[in-house]
Amino acid sequence: MATMSVRAKTGIWLAMSMAAACAAVPPSAAQGPLATETADNALDERALHAGGNELRIEVVGMPRGARSDELQRWAAEAANATLTAFGRFPLPNATVRVEQIDSRDPSPVPWGQTLRRDDVSVLLYVRRNAGLEELREDWTAVHELSHLFHPFLGGQGRWLAEGLASYYQNVLRARAGLMTQAEAWKELDAGFGRGRRERSGERLDELSRRHRGTMRVYWAGAAFWLEADLTLRHQGSSLDAVLSKYSACCLRGTGQTQPEDFVDALDRAGGGGVFRGLFDRYAGSREFPALDGAYRELGLQSGENGLVYSRKPEAERLRRDIMGAGSSSREARAR
Ligand SMILES: [Zn+2]
């Protein structure tokens, strides 16, 4: 069975809405760029290795040269950002496929998706005239690569999948120096604001299953992972550490896992009940979660003039532990 998550900024592909970013769609919808014939079958293929796992990067439709070097460098930088979680790629084997497209979309990466068939591929469609610097500033590649940390969770678990990718796209890029720590907190805070504005009153898992309420699905999902991370850090662990153990024991790149089974497996991999407790609170929630406790602990205050950071040492340390370069991956590797 092929399963995938799709991200579209323009809404052109698959007739997705402007607000849609990365949504699970059934295999029958695998059209658009998947059907694209490249004029040139040339391929620049390279492989990255970390912790015994391999990530192949293919730049298709062009011979090896200055542009393919640039796209390889960009993809490798995004892939290396994901190593700040726990020092290895989550799956033994996966492929990143980069293809150029003509697009009037202002985004340098108008379209991306994670395709799960016999193996797992992250497909990134790059605007032909996108420069390296604008590619580096874009979140798409790290978002899509973050989907490799979880199994396919179906529509009902889309909020968990998109939430993890939305949380990690900021955390991992900050750790890798692709954005500052302050920018990462600002992006998360702005996302939570967008999620809060969705007030349909519907259950989160129901919105997720019906592909509605994208902003609440993504950002309530991100809030779930932030809250889990904070609780685990109280216990001397971290989200990175649990995902590291989960990837070693249980992660499957293909096939489908029920959301409840996923959170229970995370609890067995060191979560100790944290994930199930939060899951039971979040899945049936009808409004955006209150993050007052989390913000207090992190020393963050969201106001009209933007985000204000407390100077309290324990809050500063916690923020740095999450977003800071290297610390989390070293801890996770040591576990
Ligand atoms: Zn996504």
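Preceding this paragraph is the structure being described.
Keep in mind it's a predicted model, so treat the numbers as computed, not measured. (Residues numbered from 1 in each chain as written. Predicted model: local features only at pLDDT ≥ 70, side-chain atom pairs only at ≥ 80, totals over all residues.)

*Asks:* Hey, could you go over the packing of helix H8 (residues 239-249) against helix H9 (residues 259-271) for me, with residue numbers and the actual values?
*Replies:* The N-to-C vectors of H8 and H9 enclose an angle of 110°; their axes lie 8 Å apart at closest approach. Between H8 and H9, the angle falls in the class roughly perpendicular. Here H8 and H9 pass one another in a crossing that is right-handed. When H8 is examined against H9, the residues Ala241, Val242, Lys245, Tyr246 and Cys249 are found in contact with a partner set consisting of Ala265, Leu266, Ala269, Gly270 and Gly271. Grouping the constituent residues of the contact of H8 with H9 by class yields seven nonpolar, two polar and one charged. (Axes fitted to C-alpha atoms, helices over the stretch in contact; angles between N-to-C directions. Helix = DSSP H or I, 4+ residues; strand = E, 2+ residues; numbered from the N terminus. Parallel < 35°, antiparallel > 145°, perpendicular 65-115°, else oblique. Left-handed = near helix turned anticlockwise from the far one by under 90°. Contact = placed C-beta atoms within 7 Å. Nonpolar A, V, L, I, M, F, W, Y, C, P; charged D, E, K, R; others polar.)

*Asks:* So what's going on with helix H12 (residues 313-323)? Residues and values would help.
*Replies:* Every α-helix carries 3.6 residues per turn, so stepping three or four residues along brings you back to the same face. Turning to H12, its buried residues are Arg319, Ile322 and Met323. Each buried residue of H12 sits inside an arc of 85° when the element is viewed along its axis, so together they form one side. Turned more than 90 degrees from where H12 packs its buried face, Pro313, Glu314 and Arg320 sit exposed. Where H12 is buried, its residues meet helix H4 (158-175), helix H5 (181-196), helix H7 (214-234) and helix H11 (292-298). (Buried ≥ 20, exposed ≤ 12 C-beta atoms within 10 Å, placed from the backbone. Arc of directions from axis to C-beta.)

*Asks:* With reference to specific residues and values, describe the nonpolar core.
*Replies:* The biggest cluster of nonpolar side chains holds 82 residues, and the ones touching the most others in it are Ala75, Leu124 and Ala220. With eleven residues, H7 is the single largest residue contributor to this core. When residues are assigned to domains, this core turns out to be shared by domain 1 (3-149) and domain 2 (158-334), each giving three or more. Aside from chain neighbours lying at most four places away, what touches Ala75 is Ile57, Val96, Val98 and Ala141. (Core = buried A, V, L, I, M, F, W, Y, C linked by C-beta atoms within 7 Å. Domains from an automatic or database assignment.)

*Asks:* Go over unusual backbone geometry with me, naming the residues and quoting the values.
*Replies:* Here the phi dihedral of His211 falls at roughly 55°; this positive angle occurs in a residue that is not glycine. As for its position among the elements, His211 is in the loop between helix H6 (204-209) and H7.

*Asks:* Give me the pairing of strand E5 (residues 93-101): which residues, what numbers.
*Replies:* Pairing of strand E4 (residues 53-60) with E5, which is carried by six bridges, proceeds in the parallel orientation. Looking at E5, one finds that Ile57 is bridged to Val96. Note that the unit made of E4, helix H1 (residues 66-86) and E5 has a crossover that is left-handed. Where E5 and strand E7 (residues 120-127) come together, seven bridges link them in parallel fashion. Within E7, the residue paired with Val98 across the bridge is Leu124. (Pairing = 2+ DSSP bridges. Right-handed = clockwise from strand over helix to strand, strands pointing away.)

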